[in-house]
Amino acid sequence: DGGITQSPKYLFRKEGQNVTLSCEQNLNHDAMYWYRQDPGQGLRLIYYSQIVNDFQKGDIAEGYSVSREKKESFPLTVTSAQKNPTAFYLCASSMTSGGPQETQYFGPGTRLLVL
Amino acid sequence: AQSVSQHNHHVILSEAASLELGCNYSYGGTVNLFWYVQYPGQHLQLLLKYFSGDPLVKGIKGFEAEFIKSKFSFNLRKPSVQWSDTAEYFCAVHPSHPAGGTSYGKLTFGQGTILTVHP
């Protein structure tokens, strides 16, 4: 069954702690994305990767880091530098390198809460 | 940089009512336009998209959207909504010809509109 999986579904972070959100896809897609969803603000792009071992900052990259060591995996680390991390995080992928006409496919999301 | 505005944060309708959700964008060049939908507890998924040609596009589940270039709008419509249409709807824009690769793959979303349909 092809798709995008994100884990965990809920994640709790303590002050000063780094946490990593997992995103895996078995669609053989080249491009992957991380978005942050806040109520009333839509989705905002954090990072994207068009190809393995390469990634670019999105609109709100500060306080986040990513890696793309494997085609199917694009983990997101929320660092202690991110002062307002409470949000719903969505991972997405698209077939090739993220062209203007490509449909992005989304995972189920991870809700991050700060203790 | 492009921006997208969805005018209504929350729309409440009764079943069989007609629906129109507004979407306006700001960008100096040509764009590709998308509507995504997020049903309760489900993944965000594509509803319909416009690239070129006929400005009236049809999507899944009886939805359609009309691109009006002069108004920079891409409003979503459905003649008769059902309870199962209850969801959050997002309009999104991607430049057709990204400059310098900086907006390549960069889909800009609106704030979202929550649609609640009462049976």
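Look a little higher up for the structure.
Residues numbered from 1 in each chain as written. Chains lettered and ligands numbered in written order. Predicted model: local features only at pLDDT ≥ 70, side-chain atom pairs only at ≥ 80, totals over all residues. Heavy atoms only, no water.

Considering the overall build of chain A
Thought 1: When helices and strands are tallied, chain A shows zero helices and 11 strands.
Thought 2: In sequence order, the secondary structure elements of chain A are arranged as β-β-β-β-β-β-β-β-β-β-β.
Thought 3: In terms of overall size, chain A behaves like a compact globule, its C-alpha atoms giving a radius of gyration of 13 Å where 115 residues would be expected to give roughly 13 Å.
Thought 4: Dimensions of chain A along its principal axes, counting C-alpha atoms only, are 40 × 30 × 30 Å.
Thought 5: Put simply, chain A has 115 residues, and 51% of those count as buried.
Thought 6: Sequence separation of 24 or more characterises 54% of the internal contacts of chain A that already satisfy a separation of 6 or more.
Thought 7: Surface exposure of chain A reaches about 5,400 Å², of which carbon and sulfur atoms provide 48%. (Helix = DSSP H or I, 4+ residues; strand = E, 2+ residues; numbered from the N terminus. Rg over C-alpha atoms; globule rule 2.2 N^0.38 Å. Buried < 20%, exposed > 50% of the residue type's maximum accessible area, 1.4 Å probe, protein only. Contact = heavy atoms within 4.5 Å. Areas by Shrake-Rupley, 256 points an atom, 1.4 Å probe, with all protein chains shown as cover.)

Details of the pairing of strand 12 (residues 113-118) of chain B
Residue and element names in this part refer to chain B.
Thought 1: Looking at chain direction, strand 2 (residues 10-14) and strand 12 are connected through five bridges and run parallel. Within strand 12, the residue paired with Leu-13 across the bridge is Val-117.
Thought 2: Inspection of the sheet shows strand 10 (residues 87-95) paired to strand 12 by three bridges, in the antiparallel sense. Among the inter-strand pairings, Glu-88 is bridged to a residue of strand 12, identified as Ile-114. (Pairing = 2+ DSSP bridges.)

Details of the state of the cysteines
Thought 1: Scanning the model with the defined rule gives two disulfides over all chains in all.
Thought 2: Residue pairing for Cys-23 of chain A: its cysteine sulfur links by disulfide to Cys-91 of chain A, the two sulfurs lying 1.9 Å apart. The sign of the -75° torsion about the S-S bond sets the Cys-23 of chain A-Cys-91 of chain A disulfide as left-handed. Placement of Cys-23 of chain A in strand 3 (residues 19-25) and of Cys-91 of chain A in strand 9 (residues 87-94) is noted, with a sequence separation of 68 residues between them.
Thought 3: The exposure class assigned to Cys-23 of chain A is buried, which follows from its relative accessible area of 0%.
Thought 4: The disulfide partner of Cys-23 of chain B is Cys-91 of chain B, and the gap between their sulfur atoms is 1.9 Å. Between Cys-23 of chain B and Cys-91 of chain B, the disulfide has an S-S torsion of -65° and is therefore left-handed. Pair noted here: Cys-23 of chain B is in the loop between strand 3 (19-21) and strand 4 (24-26) and Cys-91 of chain B is in strand 10, with a separation of 68 residues, a long-range link. (Disulfide = S-S within 2.5 Å.)

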